[in-house]
Amino acid sequence: MLQENSQGKLQEELSGFVEAQAKEFAVPGVAVGVLCDGREIYASHGVTSLGNPLPVDEKTLFHLASVSKTFTATALMRLVAEGKVELDAPVRRYVPELRLADEQAAAQITVLNLLNHTAGLDWNLIDDGKGDRSLTGLVAKLPELPLIAPPGARASYSQAGYNLAGRIIEKVTGLPFEQAMASLVLEPVGLSDTVYGLTEVMVRKFAVGHNPGEDGEPQAARPWGAFKEGARADNPGGGLASSVSDLLRWARFQLGDGEGVLPASALHRMRERTVRLRASSLGDGLGICWFLHDLGGVQGIGHGGSGNGQFAELLIVPERNFAVVSLANAGPDGYSVNQSVVKWALQHYLGVAQQEAEPVAYDEGRARQVVGRYEIDAMTLDFATDGTRLTLAVDIKPEIRAASDEEMPPGYPAAAIGFLPGDGDGDEYVITEGGLKGQRGYFSRDDSGAVVGVDLAGRLFKRVVEASS
């Protein structure tokens, strides 16, 4: 248990570490919260915006991006507990108008497939700012979305899948998604500063995202969220804004007995592994939405979010009644700050030390097998070698940048990666430098042994170009 004097010391140490990390990575503002032994400890550094600075604190709203999925999944689990939705039922039971590129897949995908990213749907549909940008409009466009695997065959992170789950909530409740979420989860849990949409954000103190400009200096990120304003179809998968204090309240709820919102058994079921993840820095497996982490024999559940110049990280350790939240308002290095804060908190509060993966020496033959371009609908990965090291560059597709009338976050320049030992086929890797340092993934092969895809950040990128000899 934390004694008063030790709590004060840890508060001071946490504040010092947060400040040091923010300065090292030149992140304008960072807000951190730790829940330990029932007590909340906060540390913040910096400002909401370089252009219009206000001090960041535990009440400052940041864009949560994909951490929003934990709220959507919990709301659906409430509907499951109330007997209004069945996890193993086909999505078409609730959204009969669903059509996909493959009719068999459209008929087979279940609610659980959406919640644990095993529906076989590619990442997302690009929002062009035109047409019907509601969840109804999203469903109408889903036949355009590529399928990367049969339903249930494998996990591949899908924003579109969670947005479709949001349409289930609308259909079952008869309410707009945002109203349904307020009624099902946000209001009962007491999350008064967890909101959708700029009309709610702008009446509270909020952080502005920042990205490097052409001169390398940080500039305000536009649009404010990850998607253009009015893109309600992306709210289930990434539309929430919240504060560190509200997220610790959310963590308390997840650690509790459901507080009359849903039975404890339904809440705890979300932590049970439904699918294994291979070589993923996101976790060792997936429950219902939550990424599961083996922290030296203790299970952690967590989720991260990546917005436009904003990053969020939430990790909960149920066995130890512990949670840590880190929010940062700069890309790409806000990700690195959040990861270092989580790692520090685990070690200093729980005594859990996470070991970094160590790659093997560079192998030209193995490198040549994987070099080339890989893509999803919005992004490209370019693996290259100069004969001494293998590198990875990540970027938004150039045609998408060219077609956008808004600023878009920069890509990640070429950074070294290394293959990992001990996985049998030698196809697992770790990024060893740059803004994605520590991210792990693996290459996949067809029956002939040729490399045909690569997993990064839980997403399957398919190979489209091999490097010339």
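Quick note: structure is the one above.
Residues numbered from 1 in each chain as written. Predicted model: local features only at pLDDT ≥ 70, side-chain atom pairs only at ≥ 80, totals over all residues. Heavy atoms only, no water.

A. Geometry of helix H10 (residues 244-255). An ideal rise of 1.5 Å per residue puts 16 Å on twelve residues; H10 measures up with 16 Å between its terminal C-alpha atoms. Of all twelve residues in H10, ten are buried, a share of seventy percent or more. (Helix = DSSP H or I, 4+ residues; strand = E, 2+ residues; numbered from the N terminus. Expected span 1.5 Å × (residues − 1). Buried < 20%, exposed > 50% of the residue type's maximum accessible area, 1.4 Å probe, protein only.)

B. Local environment of the sheet that holds strand S10 (residues 291-295). On the basis of which strands lie adjacent, the open sheet formed by eight strands has the order S2-S1-S13-S12-S11-S10-S9-S8 and antiparallel pairing. This sheet does not close on itself; its edge strands, each paired only once, are strand S2 (39-46) and strand S8 (275-276). Relative to S2, strand S1 (residues 29-36) is paired through eight bridges, and the arrangement is antiparallel. Along S2, the bridge assignment pairs Gly33 with Tyr42. (Pairing = 2+ DSSP bridges.)

C. Representation of helix H6 (residues 159-173). Its 15 residues give H6 an end-to-end C-alpha distance of 22 Å, which sits within 8% of 21 Å, the value for a rise of 1.5 Å per residue. The buried fraction of H6 amounts to twelve of the 15 residues, a majority that puts the element mostly inside the structure. The N-cap of H6, judged by a side-chain oxygen 3.4 Å from the amide nitrogen of Ala160 a few residues on, is Ser158. Note on H6: the residue one or two positions beyond its end, Gly174, has a positive phi of about 75 degrees. (Polar contact = N/O pair within 3.5 Å; in protein donor to acceptor, adjacent residues only side chain to side chain.)

D. Geometry of the pairing of strand S18 (residues 428-431). The two faces of S18 match: Glu428 and Val430 on one face and Tyr429 and Ile431 on the other face are all buried. Sheet topology note: the strand S17 (residues 412-419)/S18 ladder contains three bridges and is antiparallel. What sits directly across from Gly418, in S18, is Val430. In the sheet, S18 pairs with strand S19 (residues 440-445) via three bridges, with the strands oriented antiparallel. Of the residues in S19, the one forming a bridge with Glu428 is Tyr442.

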